[in-house]
Every structure is written in C-alpha cells, then in structure tokens.
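Structural features, examined
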Amino acid sequence: MKKKASVKILTLTALILFLMALVQTRAYAQDPLDKKLNINLADEQLKNALDKITKASGVKFTYNEQVATSKTRISVQATNKTLREILSAAFSDKSIQFSVLDKEVFVRINTQAVKKQGAGPAADPGQNKEKYTLSGTIKSKGSGEILIAASVKVAGTNLATMTNEYGFYSITLNKGTYTVEVKGVGFKTYNTQVELNQDVKLNAALEDENNQLETVTIKGSSNNQDIKSTQMGMERFSIRETKEVPVLLGEPDIIKTLQLLPGVKTAGEGNGGMFVRGGSSDQNVILLDEAPVYNATHLLGFFSTFNSDAIKNVTLYKSGMPAQYGGGLSSVLDVKMNDGNNQKLGVSGGVGLISARVNVEGPIQKDKSSFLISARRTYADMFLKLSSDSSVRNTQLYFYDINLKANYILGEKDRLYVSGYFGKDVLASENLSGINWGNATSTLRWNHVFNNKLFSNTSLIFSNYNYNVKSNSDENSLSLFSQIRDWSFKENMQWYLNEKNTVTFGLSATYHNIKPGEVQASGDSGFLSQQFQNRFSLENAVYASNTWKASDALNITYGLRLSAFSIFGKGDFYDLDNNGNVTGTTNYKSGEMVKTYINPEPRLALALQLSEQSSLKASYVRNVQNLHLISNSNASSPTDRWVASTNIIKPELSDQYSIGYYKNFSGNAYEFSAETYYKSLQNQIDYRNGADIFTSKPIETQLLFGKGRAYGLELLIKKKTGRFTGWLGYTLSKTERKIDGINNDEWYNARQDKTHDISFVGMYKLSPRWTVSANWVYSTGNAVTYPRGKYTMMGKSYFYFSDRNGDRMPAYHRLDLGATRLLKQTKRFSSELNFSLYNAYGRKNPFRITFSDNETDPSKTEAIRTTLFQFVPSISYNFKF
C-alpha cells in the first residue's frame, strides 16, 4: 500500500508541474516590443524619453552611460501603437539601435552610424557565416579575485555563458559588432562593445557595487542563465549571504545555512551533519578546494570546519551532479577558498563570545600573486582557568582551524594555486578522558588555457582525517584511534567546442589508506585491545559530458562517468554465511589485488524554456559510493568508523530521477522553484540487532545489506532584491530501507526520515546602519526506536525493542533572531556589531530521550528528555581594514 501511495503522490506532483508548465507556454511567444500603448514625446532628451516610455508601458530599458548622457532629442506621437513601431519611428533618423534582452529592451548608440531598425547585426547572427571566439577571465577590480559564475551576455542574441570555477569563459559568435554585458553578485554591471572580426580576448575587472538601501541583492547567479541551464537541484551561495542569517552563538556557518534549504535536513539539535534528499550524512561529498573533508564539524557537530572569512563561494548539488563529481550518493558540497587580494594588504576578523578569528591577505607581487592566511580559535577553556577547582582549571575545551592559500599568475595562460587547511578539536579533562580529532588538506592546482576554447585544471590533493579517544581512571584505561588518508590526482578539461556544444572531460585517481580502528584497553572498560587491519584501495574514474543547445528553447546535457574501485592487500578477507559467521579467510600479500568494482554512472539532464522567465527541467543521475561511515546514531561523532568497500561490503548505488519547474517574476525580484524526485538505493548498510562496532570480529559480521528508496517534493520561493530579502522553503518527503533481518524483512523508516520540513529566512534593511534578520524552522521528529517493554533479571531491568525506527522524536521547531549594527564605514576601515538570539521562544527541543526505571517504583519506566539550548544570546564584533 505504501508503494502505491508513493507512486500516486509522484504521479500527481508530476502532473501538477506539467500543467503549470503548460500555463506558461503561451507566454513564451510574448515580446515586450509587441506591447501597445499611447505616448506623446516632444523634444525629450533620450534618457528622459526612455523613462517616460517605461512609465507608460511598464517595459524596462537597459543602456550604458553613453546613452544616459546622450544629448539626442526624441519626438514621437503614437496612439495604440506597438513599442516596436514607436521606437522605430523615434529612432528612424538617429544612430540608435534597440533589441530585446531578457524581457527588457537594450538600447545602444551605434558608433558607426548604422541606421537600422532593430538591433543590427547583433540581433541577426545569421547574416554572417564567419565565426570567431570571445574569451577571457572575469575578476574583481578591487581585490583581483577571480569571479565564479559571473554571467557574460551578448545583447541582441540569446547567447550567454557563465565563468567557470576559475573565472574563465568562452563563447563563439558570428562575425559582427556586439555589446557584451558582464554581471557578478555585488559588482557593477560592465558593458563594452566588441568588434568581432577575429578571435578576441576580453578580460574584465568589475567594480564593487556600493549597495544602496533599495538595491540589496542576495543571489548573484544570472537569473535567466539559471532558467536556461540544465542544472537542477543546485544552490549557490556567496559568503555574504550566510553572514546575515542568525545562528548559534553568532558564528556564521555555511552548513547551518544550507540546512535552511528545501531537501537539506539537520541531523539534530546543534548537529553539523546534514541529510540531503533521504541520504545519510556520509553520503555527502564535501570538498574544500577539491580536497575531501571527512568530518566537517567542530565541537561534536555544533560548528562546521569552514571559517567564513576564508570562503569565497559555496555550491551544493542535490541532483544532476556534473560528471566530474563522484563518490557520494546524496550530494556534493563544493567549497572554494578566497584566493587573496593581489591589489592591497587587508586585515579582517571578529571577536565573539566563544571564539575569535583573523584574516590577513595581500599581494606578494601586485597584479601577479597573492596570499591568504585565516585563523580561528575558541577560548572556552580560557574561562575555565578562572575556576578555583584545579581539575576544571586544567580542562581543555577548544578547536582551531587555519586556512592558507597563495596563487601565482605565471603568464597569460597559466596560473598556480597552493592551498591548505588544518583544523583540530581538543576536549579533555586532566588525567581522565579526552577526545581530539582533526582534518588536514592541501591542494596544488595548475590552470592552463591551451587556446580560447580549451581550458585545463590539473590538481594534486592530500587529505588526512583522524581521531583519538582516551579514557583513564584508577581501574581501567581505553584508547581508540582511527585514520583515513588520501592522495589524489585530477585532470579536468573544458572544451568550448562551438556556440551549441560545451564538452567537459577528464580523469581522477585517489589512493585510500584507511586505518579503521585501533583499541588499547585495560581493566573493566568493556573493550578488548585489538588492532583492525589497514585497508588499501585505489579509486579511479574517467568521465565526459556535453551540454548541447539543441534549440533556442531546449538545452540537453548528457554524459558518462566510469568508476573503478580496486581493493588491495595486505590483509585478511572473509567469507560469511547468512548469519554473519565467518566461514573462510583468505590472506592477501601487500599490493596483491583482492577485487575491482567497475560501475558506469550515466548523466542526463534537459531544460525546456517555456518563456523568458520560466522553464521545465528533468534529470537522471546514477551515483556510486565506495567509502562508508559505520554509525549507530543520527548525530555525527568523531568515533564513527569509515570503512571501504570489500569483497562483502559492496559499493552503494543510487539512481535519482528529478523533474522541476522554475520561474522568475516581478522583474526578477522573486524566484520560485518546485522539484520532485525519486531515488532508488542499492547495497544500503545497517547494523544487525545487538551489533558491536568495536567487536574483535570483522566489521562485516555486524552488518546487514539491502535496498532503500527516497522520494519527495521541494518548494522554494525567494525574494532577492529590495529592503526585505529572504526565502520560504518546504519539503515533503519519505525515506525508507528494506534489509533482510530487520523489521521482519519489511520496509522501515530510515533514521533520517522526516515527513515535513519548513524553513523561513528573512532579512530586512532598516536603515543604512541597521539590518535585522530572523529564521524559523519546523520539522517532523527524527525516526527512532523506543523500547516496547522490559524484563528483570537478577534485580536489573533490561529493555527490549521491536520495530526499527518505528517511533518519532517530538516535532522540532525554533525561532532565531539577529541584528547587525554598522558602526563605521570608510574606504579604509569598517566595523560592525552582530547580535543574535538562538531559540528565541525557548522551545525545549530534545537532543536525546532515554529510558530508565522510576526511582520510587522500579516497575514503572520514565522517559528522560535531554535539551541542549534555550535562549542562547550572543554578540560579536567584526572589523575590516
């Protein structure tokens, strides 16, 4: 019955989206130049004339400074005439051209005095058959930072592109004269005219935009490019957007902001993990400058490892992942660090209630090279030193992280980047217990432009994650250690083949060395000393994809990723029976091949543009995952075990089908999207009943394998301009597993299953100095397993359980408030105070619910709710000079 119900929900959702698309189809033929109006202009200056036409018709005009300051006078009188007729008559004896650009009318002065109706050769690319390529790099004029996803549009055509991760773009056009428009979030629009009678290199440096009160913007990617692009299930954030969202203890946090989006769910109160479209937390690939980060949290999940001062751009892929990404079933979180200012030295930072941070960047050689150093540390342990208790005074409780980066422009075609991250958590009490864990990554990248159509990025990457847990007392001691270490090589090529095809292809190779765990124990700690065998593997992939502009309204991306996972000795590998008992052991020598899994991962995505402001998209993607996190709780823990695929643990597979409808409206001030998805999962992993993660037996004996499914609907409406900005998101979803040996071999709720998830985020610009913000979240409680009864043996109570994840935690909801006060802002110095109140109405959301005998009546059982946060205020001071 559940399966039939889910099919009905998906069918109904797809039908609704299809009907919405049909409603928009007729709008595709509409043209602002066909709008009829009455107008009377008598010797008006050009800019004033355009303003009056806008007021009468509602049609907006786009023009450059040359038009705005032109002394040309316009006279025209028209009754019930189309805008095309009015402009043609008004400009008939003038050197002025016009064309449609994104439902606006682009006006420019023809410097060659070509007097034609319409937009001249730029609007009719079919006039010339000679083709040339316009290419270059877009960067910030103020800092020299390259700009990711800046839009490059050609007026009078439907051709546009976006810069890649390294600021490079390429677009092929017919011979002619064009006006090129470049936009980036937080920057002034750049317009220039290009005479294209040969290949042209156009580099642009965009000036910072001094945002006025009425022109606040929260999203920087080109609106219509998002409509036309085949990519779906993607969210891209500039770091300035995350800084205005109120969070726990006032520390800006990328992952906490992502958890406010549809399809992304929190793992629990204060937890840094995230569940994306029904996947578990380990099914997200998290990259920092291309290096994998295996535990992206601090303080047991309350903060993420990403220091906002060091981050430039964040991109989350929930579906339709490009072919160059692999290794995770649910999502890819691609985080890019700032390159460093190559124009001038700058220092920024902040001081809050629990942490302080500082960021230093500047040129090594102006215009040629730069550096970045960013550091952050908490200091809760420093307050503990004020205690009169020596044991408290010597307690360690802190984390730190350091981001480093340098880049060098080697020539017009080459650029070198070196970046690194080092972070560590230390939680320890004197001579008793302690946990420390940390990540270290480093990346060496070389960008090379072979020609104006072929771009290359070559990377050498290192990543290391480890944890160490110690517990000491007079009676016993315990030490746990685990580590995962990677060395990677990646080669990615982008080939801008022609105006209709862009090809991406490349390869990657990663060598994994995993130490699943090492236990040293004494006394009655309950553990046995043991050392789990290291596992060695090589993960290779080749891929290719093409984005094809099939027509003006239809774009298609298709591709294939072919991955191979090879397992090597030395070590023992086992054969098991159906009950998890070892029936045979095979020993492999160092470097000896154990097994190779080869999996094709096809990709297909389509975008049908229904109008200038709306589109319908669909995608299919297969993903493969060969590293698995063995965890027995929702909350991420540094002691969770990473294991690689073996002869028994097979690669996890997912097939995701998505369909979505997208629309921009009210002059692109609002954005609406609706996406529905169905995900089929294979080789899913869960514990056997009564499993022991640190058993002396092989870990495979504690696991069961089966299948899963996840499906849902995601709605998002976002306001992107004006004094009030923000978004409202809603997710309706279901996530289930079916594993023989669990829940009578029937479907059961996955731990990350949450039926409803709502998030509201709002930011309001009260004045040039005050900005206030709020977010409210609601979600169905996590799926959990509660005891069904208990029995007593030798005076001690034991609970017994039935259905796996058959119960629910109470619903979760919370309101956070924030305010930012700009203290001072000059060209050389700025400072601000940030205030926030986490959980403003004091909701006692449970972190954990445990069960125990009632103290006065042992025959009764009581539930004990643990709540972490109520009314958490914070204040922080931020500066930049």
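Residues numbered from 1 in each chain as written. Predicted model: local features only at pLDDT ≥ 70, side-chain atom pairs only at ≥ 80, totals over all residues. Heavy atoms only, no water.

Some details on the overall build of the protein chain
Secondary structure summary: the protein chain contains 9 helices and 56 strands in total. The buried share among the 881 residues of the protein chain stands at 55%. (Helix = DSSP H or I, 4+ residues; strand = E, 2+ residues; numbered from the N terminus. Buried < 20%, exposed > 50% of the residue type's maximum accessible area, 1.4 Å probe, protein only.)

Brief notes about the sheet that holds strand 21 (residues 311–317)
The strand order across the open sheet built from 5 strands is 14-21-22-17-18, with neighbouring strands paired in mixed fashion. The open sheet has two edge strands, strand 14 (234–238) and strand 18 (291–292), and neither has a second partner. Pairing between strand 21 and strand 22 (residues 331–337): 6 bridges, direction antiparallel. The residue bridging isoleucine 311 from the neighbouring strand is methionine 337, located in strand 22. (Pairing = 2+ DSSP bridges.)

Some details on the environment of lysine 71
With respect to the element layout, lysine 71 can be found in the loop between helix 3 (65–68) and strand 3 (73–82). C-alpha separation for the pair lysine 71 and lysine 47, spaced 24 residues apart in sequence, amounts to 8.9 Å.

Remarks on the nonpolar core
Core analysis: the largest hydrophobic core is formed by 34 residues, its most contacted members being Phe306, Ile311 and Leu333. Of all the secondary-structure elements, those providing two or more residues to this core are helix 7 (254–258), strand 16 (274–276), strand 17 (284–288), strand 21, strand 22 and strand 46 (756–765). Contact partners of leucine 333, with chain neighbours within four places excluded, come to Ile255, Leu258, Met274, Val285, Ile286, Leu287, Phe306, Val314, Thr315 and Leu316. Among the nonpolar cores identified, the runner-up in size contains 27 residues, and Leu299, Phe303, Phe573 and Tyr588 belong to it. (Core = buried A, V, L, I, M, F, W, Y, C linked by side-chain atoms within 4.5 Å. Contact = heavy atoms within 4.5 Å.)

As for the pattern of salt bridges
Considering all chains together, one arrives at 29 salt bridges under this definition. Between aspartate 309 and arginine 357 there is a salt bridge whose closest N-O contact spans 2.8 Å. Pair noted here: aspartate 309 is in the loop between strand 20 (303–304) and strand 21 and arginine 357 is in strand 24 (residues 355–365), with a separation of 48 residues, a long-range link. With respect to burial, aspartate 309 and arginine 357 carry one shared label: buried. Note that aspartate 339 and lysine 312 form a salt bridge whose closest N and O atoms lie 3.0 Å from each other. Of this pair, aspartate 339 sits in the loop between strand 22 and strand 23 (346–351) while lysine 312 sits in strand 21, and the two are 27 residues apart along the sequence. Linked through salt bridges whose partners overlap, the residues forming this network are Glu145, Asp289, Lys312, Asp339, Lys405 and Arg445. (Salt bridge = Lys/Arg side-chain N within 4 Å of Asp/Glu carboxyl O.)

Brief notes about the environment of valine 194
Mapped onto the elements, valine 194 comes out in strand 11 (residues 190–196). The class of valine 194 is buried, set by a relative accessible area of 7%. Aside from chain neighbours lying at most four places away, what touches valine 194 is Leu134, Gly176, Thr177, Tyr178, Val180, Val200 and Leu202.

Describing the packing of aromatic side chains
All chains considered together, the criterion is met by 20 aromatic pairs. Between the aromatic rings of tyrosine 786 and phenylalanine 851, the centroid separation amounts to 5.2 Å while the plane-to-plane angle is 65°, which identifies the pairing as edge-to-face. Within this pair, whereas tyrosine 786 is found in the loop between strand 48 (783–784) and strand 49 (787–793), its partner phenylalanine 851 is found in strand 54 (residues 846–853), the two being separated by 65 residues in sequence. Here tyrosine 786 falls in the buried class, since its relative accessible area comes to 15%. Feature note: the residues Tyr166, Phe168, Tyr417, Phe455 and Tyr496 constitute an aromatic cluster, connected by ring pairs. (Phe/Tyr/Trp six-rings, centres within 6.5 Å; stacked < 30°, edge-to-face > 60°.)

Notes on unusual backbone geometry
At the junction of glycine 569 and lysine 570, the peptide bond is cis and its omega measures out at 20° in the coordinates. Locating lysine 570 in the fold gives a position in the loop between strand 34 (554–568) and strand 35 (571–576). Residue aspartate 289 is not a glycine yet carries a positive backbone phi of 50°.

Concerning a nonpolar patch on the surface
Taken together, the side chains of Ile364, Tyr408, Leu410, Val418, Leu444, Trp446, Leu460, Phe489, Leu507, Val542, Leu562 and Ile598 define a hydrophobic patch exposed on the protein surface, amounting to about 1000 Å² of accessible area. Within the secondary structure, leucine 562 sits in strand 34. (Patch = residues over 30% accessible without salt bridge, like charges linked within 9 Å, V, L, I, M, F, W, Y side chains within 5 Å. Areas by Shrake-Rupley, 256 points an atom, 1.4 Å probe, with all protein chains shown as cover.)

Concerning the sheet that holds strand 8 (residues 160–162)
Read from one edge of the open sheet, 4 strands run 8-7-10-11, paired in antiparallel fashion. The sheet terminates laterally at strand 8 and strand 11, the two strands that pair on one side only. Going across the sheet, the axis of each strand differs from the next one's by a mean of 20°, ignoring polarity. (Axes fitted to C-alpha atoms, helices over the stretch in contact; angles between N-to-C directions.)

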